[in-house]
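Structural characterization, general
In case you want the letters, here they are:
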Amino acid sequence: MFTKILIANRGEIAVRIIRACREMGISPVAIFSQADERALHVRLADEAYCVGPPPAMESYLRMETIIDVARQAGAQAIHPGYGFLAENPEFARAVEDAGLVFIGPGWEAMALLGNKTRARHIARRVGAPIVPGSIEPIKDRHELHRQAQAVGYPLLLKAAAGGGGKGMRLVSSPDELDAAFRMAQSEARAAFGQEAVYIEKVIQRPRHIEIQILGDHHGNIVHLGERECSIQRRHQKVIEECPSPLNDPDLRQRMGDVACRIAREAGYQNAGTVEFLVDEQKNFYFLEINTRLQVEHPVTEWVTGVDLVREQIRIAAGHPLSFRQDEIQWRGVAIECRIYAEDPEREFMPSPGRIARYRPPMGPGVRVDSGVYAGWEVPLDYDPLLSKLIVWGRTRTEAIERLGRALDEYVLDGIRTTIPFYRQIVRDREFIAGHLDTGYVDRFFHRRSWEEPEGLLRDAALIAAALHTRQSAVANQTADHRRPSESPWKTQGRWALLNSRL
Ligand code: MV4
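To keep things clear, this report deals only with the structure shown in the data block. Values in this document were obtained by computation on a predicted structure and should not be read as measured data. (Residues numbered from 1 in each chain as written. Predicted model: local features only at pLDDT ≥ 70, side-chain atom pairs only at ≥ 80, totals over all residues. Heavy atoms only, no water.)

1. Topic: the environment of Q236
Our working rule: Secondary structure follows DSSP: runs of H or I at least 4 residues long count as helices, runs of E at least 2 residues long count as strands, and numbering of each begins at the N terminus. We call a residue buried when its accessible area falls under 20% of the maximum for its residue type, exposed when it is over 50%, and partly exposed in between, using a 1.4 Å probe and counting protein chains only. For this analysis, residues touch if any pair of their heavy atoms sits within 4.5 Å. N or O atoms closer than or at 3.5 Å make up a polar contact, with two conditions inside protein: a donor-capable atom paired with an acceptor-capable one, and, for residues adjacent in sequence, both atoms drawn from side chains.
When you line up the elements, Q236 lands in strand β11 (residues 236–242). Classification of Q236 as partly exposed rests on a relative accessible area of 26%. Along the chain, Q236 and N9 lie 227 residues apart, while their C-alpha atoms are 20 Å from each other. Dropping the residues within four chain positions of it, Q236 is found in contact with I231, R338 and Y340. Separated by 3.4 Å, the side chains of Q236 and Y340 make a polar contact.

2. Observations regarding the packing of helix α4 (residues 89–97) against helix α5 (residues 107–114)
Under the convention used in this document: Interaxial angles span 0 to 180 degrees and are taken between N-to-C directions of axes, which are lines fitted to C-alpha atoms, for helices over the stretch in contact. Roughly parallel covers angles under 35 degrees, roughly antiparallel covers those over 145, roughly perpendicular covers 65 to 115, and oblique covers all other angles. Polar here means any residue outside two lists: the nonpolar Ala, Val, Leu, Ile, Met, Phe, Trp, Tyr, Cys and Pro, and the charged Asp, Glu, Lys and Arg; Gly therefore counts as polar.
At a minimum axis distance of 8 Å, the contact between α4 and α5 shows a crossing angle of 175°. Judged on the interaxial angle alone, α5 and α4 are roughly antiparallel. Across the interface between the two elements, P89, A92, R93 and E96 from α4 touch W107, M110 and A111 from α5. Per-class residue counts for the contact of α4 with α5 are 5 nonpolar, no polar and 2 charged.

3. Structural notes on the site of the ligand
The criterion, for reference: In these notes, residues near a molecule or strand are those with any non-hydrogen atom within 4 Å of it. Residue burial considers only the protein chains on display, and all accessible areas are found by Shrake-Rupley using a 1.4 Å probe.
Close contacts around the ligand come from 18 residues, with K158, E200, K201, I203 and T438 the closest. Within the contact set of the ligand, a nitrogen atom lies 3.0 Å away from a side-chain nitrogen or oxygen of K158. Within the side chain of E200, one N or O atom sits 2.9 Å away from a nitrogen atom of the ligand. Alone, the ligand offers 520 Å² of accessible surface; in the complex the protein occludes 88% of this. Secondary structure elements with two or more residues in the shell around the ligand: β6 (155–163), β8 (197–201) and β12 (270–278). The class makeup of the residues in the shell around the ligand is 8 nonpolar, 6 polar and 4 charged.

4. Remarks on unusual backbone geometry
With omega at -5°, the peptide bond leading from Y153 into P154 counts as cis. Residues C242 and P243 are joined by a peptide bond in cis, for which omega reads -5°. Tracing the backbone through its elements, the reader meets P243 in the loop between β11 and α9 (249–265). Its identity as a non-glycine residue notwithstanding, K282 has a phi of 65°, on the positive side. Here K282 lies in the loop between β12 and β13 (284–290).

Here is the structure:
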């Protein structure tokens, strides 16, 4: 086993990987930019090295610098986390060439799957259902119109090198097609350095469901079931669940089987995620493979009991998987909320600054993966994810009740966060009923814009009542024994509710 691992990342995921290293007796080495000198992951690691100034391009994305640091520190392996260099085959290859181990898939599989049309090829070869459309990139206008005719409208033009909603363009009628194609190509070239674009039929009101897989270097590939990721805002996931409230064991088995077949065909090793769209008739279609550990991995960990980061490290060190497919069971329901330094009342504007108070929730069924502490200043230079709140319950109802309680308990002051937004979602009828699809967040805001005035009136009444209680308590301190004062927890909850509204 490795004795030292360099973590080429920051924030909550760096902290998560440090924890796995500690439990395995491995010494964690951190890197940081000048903006992160005081960051939590730096404090928790055994060693930490500055790799450059705040911009990621000059620090967390510097491949040669990071590999040099790993070598000089005597690390045998590099864990890339997610984002930054995690899905860069050039980096994975350079790590290998330097005689170090990249904790992730081989660079060949990563390069192959980074190309969506090649991934579609592989899926088709193993008989996996793919979204109807073109398998090859569109070469010319003639082919464009022929394929579009075959697929029908509306259709999507997607960049072969894109993914996660980047480089997607909706085309509703034939007269938009030529202009959309040219724009999609030039956007793809600008964003990914490759202009290849292909066509997909639009799946209406889809759900976004992904299957977690693990493959070792001994030919074993298993799946750990699905995550429901349909609640997104501008292609940014906000809430994830395991299992999906709309899946059944049969669908899980079929999707899991397809995911393993695609991974095997691609020569995939380590942890990966196979994404699907699921339509209203529960037909599922392969979308793409993410060749990394995902932000939302904890919900799968909780429901299956598998430590995904530990397995990633074991696999990279050449160990076989520590369990077989038939040993995996899914118990209860886990839900994750991504807590961002964004202001939900101001169109999710970034909200950097100093964290004044920090008191995360605890107690039964609560896990917090966080990269922050009180007094730390959240830099503006990176992804605004501060923390992930994950809850578990025997049933979805129990998990939602816990989530509501934990969100009310969560104190993170000094900056704006998305906590108040989640406090409203957990009380939303549609969410509670499990009516999740990719239109959920828009519907939520639309409903709320109608319900808001009532909410404000109710809040005004709450403020008046709270002020009255407090003032009469002060005025009648001696007489106060007659009427027990309100529980501080209730007051706290009300202020939380008020803050979320104002
Ligand atoms: C689609 C689609 C409908 N039909 N593809 C957006 C993210 C990326 N992973 C794929 N995305 C979509 N691809 C076809 N053929 C609708 C979406 C989509 C979406 C998917 C998942 C979660 C939220 C979404 C929001 C808008 C569009």
